[in-house]
Amino acid sequence: MQDGPSAVYVVVLDPGEDAVAELTAFARDRSLGASQVTAVGALSEAVVGWFDRQAKDYRRIPVPEQCEVLSLIGDVAVADDGPTPHLHAVLGLSDGSTRGGHLLSGRVWPTLEVVVRDSPAELAKTHRPDIGLALIDLD
(Lines give C-alpha, C1' and ligand atoms only; values in the text may rest on other atoms or scores of the structure.)
Protein backbone atom coordinates (compact mmCIF):
# COMPACT_ATOMS: atom_id res chain seq x y z
CA MET A 1 0.00 0.00 0.00
CA GLN A 2 2.77 2.46 0.93
CA ASP A 3 6.55 2.18 0.79
CA GLY A 4 9.17 4.33 2.41
CA PRO A 5 10.36 4.91 5.95
CA SER A 6 6.85 4.29 7.34
CA ALA A 7 5.56 1.50 5.11
CA VAL A 8 2.00 0.20 5.38
CA TYR A 9 1.34 -3.36 4.25
CA VAL A 10 -1.92 -5.24 3.80
CA VAL A 11 -1.55 -9.00 4.19
CA VAL A 12 -4.57 -11.11 3.23
CA LEU A 13 -4.29 -14.68 4.44
CA ASP A 14 -6.04 -17.56 2.70
CA PRO A 15 -8.07 -20.50 4.03
CA GLY A 16 -5.94 -23.06 5.84
CA GLU A 17 -2.95 -20.82 6.52
CA ASP A 18 -1.64 -20.52 10.07
CA ALA A 19 -1.93 -16.85 10.96
CA VAL A 20 1.01 -16.72 13.38
CA ALA A 21 3.39 -18.64 11.10
CA GLU A 22 2.47 -16.54 8.06
CA LEU A 23 2.80 -13.22 9.89
CA THR A 24 6.15 -14.29 11.33
CA ALA A 25 7.39 -15.25 7.85
CA PHE A 26 6.11 -11.94 6.45
CA ALA A 27 7.88 -9.92 9.17
CA ARG A 28 11.15 -11.78 8.65
CA ASP A 29 10.95 -11.61 4.85
CA ARG A 30 10.63 -7.81 5.07
CA SER A 31 13.04 -7.39 8.02
CA LEU A 32 10.44 -5.47 10.03
CA GLY A 33 11.87 -3.96 13.17
CA ALA A 34 9.10 -1.91 14.80
CA SER A 35 5.60 -2.45 13.51
CA GLN A 36 2.00 -2.27 14.64
CA VAL A 37 -0.39 -5.02 13.59
CA THR A 38 -4.20 -5.04 13.42
CA ALA A 39 -6.50 -7.58 11.77
CA VAL A 40 -10.04 -8.82 11.31
CA GLY A 41 -11.35 -12.01 9.76
CA ALA A 42 -12.14 -15.52 10.92
CA LEU A 43 -10.45 -18.75 11.98
CA SER A 44 -11.61 -22.37 11.79
CA GLU A 45 -9.70 -23.12 15.01
CA ALA A 46 -7.23 -21.35 17.24
CA VAL A 47 -5.17 -21.54 20.40
CA VAL A 48 -4.85 -18.51 22.62
CA GLY A 49 -2.72 -18.29 25.72
CA TRP A 50 -2.91 -16.79 29.16
CA PHE A 51 0.51 -16.13 30.69
CA ASP A 52 0.94 -17.94 34.01
CA ARG A 53 3.41 -15.94 36.11
CA GLN A 54 4.25 -18.88 38.38
CA ALA A 55 4.93 -21.33 35.55
CA LYS A 56 6.53 -18.65 33.33
CA ASP A 57 4.65 -20.09 30.39
CA TYR A 58 1.36 -19.76 28.56
CA ARG A 59 -1.65 -21.79 29.58
CA ARG A 60 -3.04 -22.96 26.26
CA ILE A 61 -6.73 -22.26 25.66
CA PRO A 62 -7.93 -24.24 22.63
CA VAL A 63 -10.72 -22.78 20.51
CA PRO A 64 -11.72 -25.85 18.44
CA GLU A 65 -14.46 -24.17 16.41
CA GLN A 66 -15.11 -21.53 13.80
CA CYS A 67 -14.64 -18.09 15.34
CA GLU A 68 -14.70 -14.46 14.29
CA VAL A 69 -11.58 -12.41 14.89
CA LEU A 70 -13.27 -9.53 16.69
CA SER A 71 -9.96 -7.88 17.44
CA LEU A 72 -6.35 -8.74 16.72
CA ILE A 73 -3.69 -6.26 17.77
CA GLY A 74 0.01 -6.50 18.32
CA ASP A 75 3.49 -5.48 17.39
CA VAL A 76 6.60 -6.77 15.69
CA ALA A 77 9.99 -6.40 17.35
CA VAL A 78 13.35 -8.06 16.82
CA ALA A 79 14.02 -11.06 19.06
CA ASP A 80 17.05 -13.37 19.14
CA ASP A 81 15.69 -15.32 16.18
CA GLY A 82 14.60 -12.30 14.13
CA PRO A 83 11.47 -10.18 13.77
CA THR A 84 8.72 -11.69 15.90
CA PRO A 85 5.04 -10.75 16.10
CA HIS A 86 3.41 -10.43 19.53
CA LEU A 87 -0.31 -10.78 18.89
CA HIS A 88 -3.37 -10.62 21.14
CA ALA A 89 -6.80 -11.66 19.91
CA VAL A 90 -10.42 -11.61 20.99
CA LEU A 91 -12.33 -14.38 19.23
CA GLY A 92 -16.12 -14.45 18.97
CA LEU A 93 -17.83 -17.85 19.23
CA SER A 94 -21.17 -19.00 17.78
CA ASP A 95 -23.04 -18.46 21.05
CA GLY A 96 -21.80 -14.87 21.37
CA SER A 97 -19.19 -15.67 24.00
CA THR A 98 -15.54 -14.81 23.50
CA ARG A 99 -12.10 -16.26 24.11
CA GLY A 100 -9.06 -14.08 24.20
CA GLY A 101 -5.38 -13.94 24.92
CA HIS A 102 -2.01 -14.22 23.25
CA LEU A 103 -2.59 -15.75 19.79
CA LEU A 104 -0.45 -18.89 19.72
CA SER A 105 -1.94 -20.32 16.51
CA GLY A 106 -4.95 -19.84 14.30
CA ARG A 107 -6.07 -21.63 11.14
CA VAL A 108 -7.56 -19.07 8.74
CA TRP A 109 -11.05 -19.57 7.31
CA PRO A 110 -12.13 -17.91 5.12
CA THR A 111 -9.77 -14.93 5.41
CA LEU A 112 -7.69 -12.81 7.73
CA GLU A 113 -7.12 -9.21 6.64
CA VAL A 114 -4.05 -7.80 8.33
CA VAL A 115 -2.70 -4.25 8.30
CA VAL A 116 0.96 -3.87 9.26
CA ARG A 117 2.28 -0.36 9.88
CA ASP A 118 6.06 -0.33 9.97
CA SER A 119 8.32 2.44 11.20
CA PRO A 120 11.98 3.22 10.58
CA ALA A 121 12.78 2.48 14.23
CA GLU A 122 13.92 -0.90 15.50
CA LEU A 123 12.64 -2.40 18.72
CA ALA A 124 14.63 -5.20 20.29
CA LYS A 125 13.26 -7.90 22.55
CA THR A 126 15.44 -9.32 25.29
CA HIS A 127 14.66 -12.56 27.10
CA ARG A 128 13.95 -11.90 30.77
CA PRO A 129 14.55 -15.16 32.69
CA ASP A 130 13.00 -13.64 35.83
CA ILE A 131 9.71 -13.24 33.96
CA GLY A 132 9.98 -16.03 31.41
CA LEU A 133 9.35 -13.84 28.36
CA ALA A 134 11.22 -11.80 25.78
CA LEU A 135 10.15 -8.18 26.29
CA ILE A 136 10.87 -4.98 24.38
CA ASP A 137 14.03 -3.42 25.80
CA LEU A 138 14.25 0.36 25.34
CA ASP A 139 17.81 0.60 26.71
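Computed from a predicted model, the values in this text were never measured in an experiment.

Procedures and definitions
Here the residue numbers are simple positions, counted from 1 along each chain's written sequence. Restriction of local features to residues with pLDDT of at least 70 applies here, the model being predicted, together with a cutoff of 80 or more for giving and counting side-chain atom pairs; totals for whole chains, interfaces and linings are based on all residues. Hydrogens are left out, water is left out, and the side-chain values use all remaining heavy atoms of the structure. Classification of ring pairs rests on two measures: the distance between centres of Phe, Tyr or Trp rings, Trp counted by its six-membered ring, which must be within 6.5 Å, and the angle between planes, read as stacked under 30 degrees, edge-to-face over 60 and tilted in between. Every helix listed is a DSSP run of H or I at least four residues long, and every strand listed is a run of E at least two residues long, numbered separately from the N terminus. Note on classification: 1.4 Å probe, protein chains only; a residue is buried when its accessible area is under 20% of the maximum for its type, exposed when over 50%, partly exposed between these limits. Salt bridge criterion: a side-chain nitrogen from Lys or Arg within 4 Å of a carboxyl oxygen from Asp or Glu. Charge counting follows a simple rule: Lys and Arg are positive, Asp and Glu are negative, and His as well as the terminal groups are ignored. In protein, a polar contact requires one atom able to donate a hydrogen and another able to accept it; more generally it is a pair of N or O atoms within 3.5 Å, and residues adjacent in sequence count only if both atoms are side-chain atoms. Residues count as neighbours in contact if any of their non-hydrogen atoms are within 4.5 Å of one another.

**Looking at the packing of aromatic side chains**
Part 1: Taken as a whole and judged by the stated rule, the model has 2 aromatic pairs.
Part 2: Their ring planes at 80 degrees and their centres at 5.3 Å tell us that Tyr9 and Phe26 sit as a pair that is edge-to-face. Residue Tyr9 is located in strand β1 (residues 8-13), and its partner Phe26 is located in helix α1 (residues 19-29); the two are separated by 17 residues in the primary sequence. Take Tyr9 and Phe26: they sit in the same class, and that class is buried.
Part 3: On the basis of an interplanar angle of 70 degrees and a centroid distance of 5.2 Å, the ring pair of Phe51 and Tyr58 is categorised as edge-to-face.
Part 4: Owing to a relative accessible area of 18%, Phe51 belongs among the buried residues under this scheme.

**A few points about the pattern of salt bridges**
Part 1: One pass over the full model with this rule turns up 4 salt bridges.
Part 2: The shortest N-O distance in the salt bridge between Arg30 and Asp29 comes to 2.9 Å.
Part 3: The partner of Asp52 in a salt bridge is Arg59, with the nearest N and O atoms 3.0 Å apart.
Part 4: By relative accessible area, Asp52 is classed as buried at 11%.
Part 5: Given a relative accessible area of 49%, Arg59 falls into the partly exposed group.

**Regarding the side chain of Asp18**
Part 1: Tracing the sequence through the fold places Asp18 in the loop between β1 and α1.
Part 2: There is no salt bridge for the buried Asp18, and the closest opposite charge comes from Arg107, which lies 4.2 Å off by N-O distance.
Part 3: At 3.0 Å, the side chain of Asp18 forms a polar contact with the backbone nitrogen of Val20.
Part 4: Asp18 has contacts with Ser105, Gly106 and Arg107, leaving out every residue within four places of it along the chain.

**Quick look at the environment of Gly92**
Part 1: Position of Gly92 relative to the elements: it lies in strand β5 (residues 82-92).
Part 2: The spatial distance from the C-alpha of Gly92 to the C-alpha of Cys67 is 5.3 Å, given a sequence separation of 25 residues.
Part 3: If we ignore the near neighbours within four places in the chain, the residues touching Gly92 are Gln66, Cys67, Glu68, Leu70, Ser97 and Thr98.

Geometric descriptors of this kind do not, in isolation, establish any biological role.
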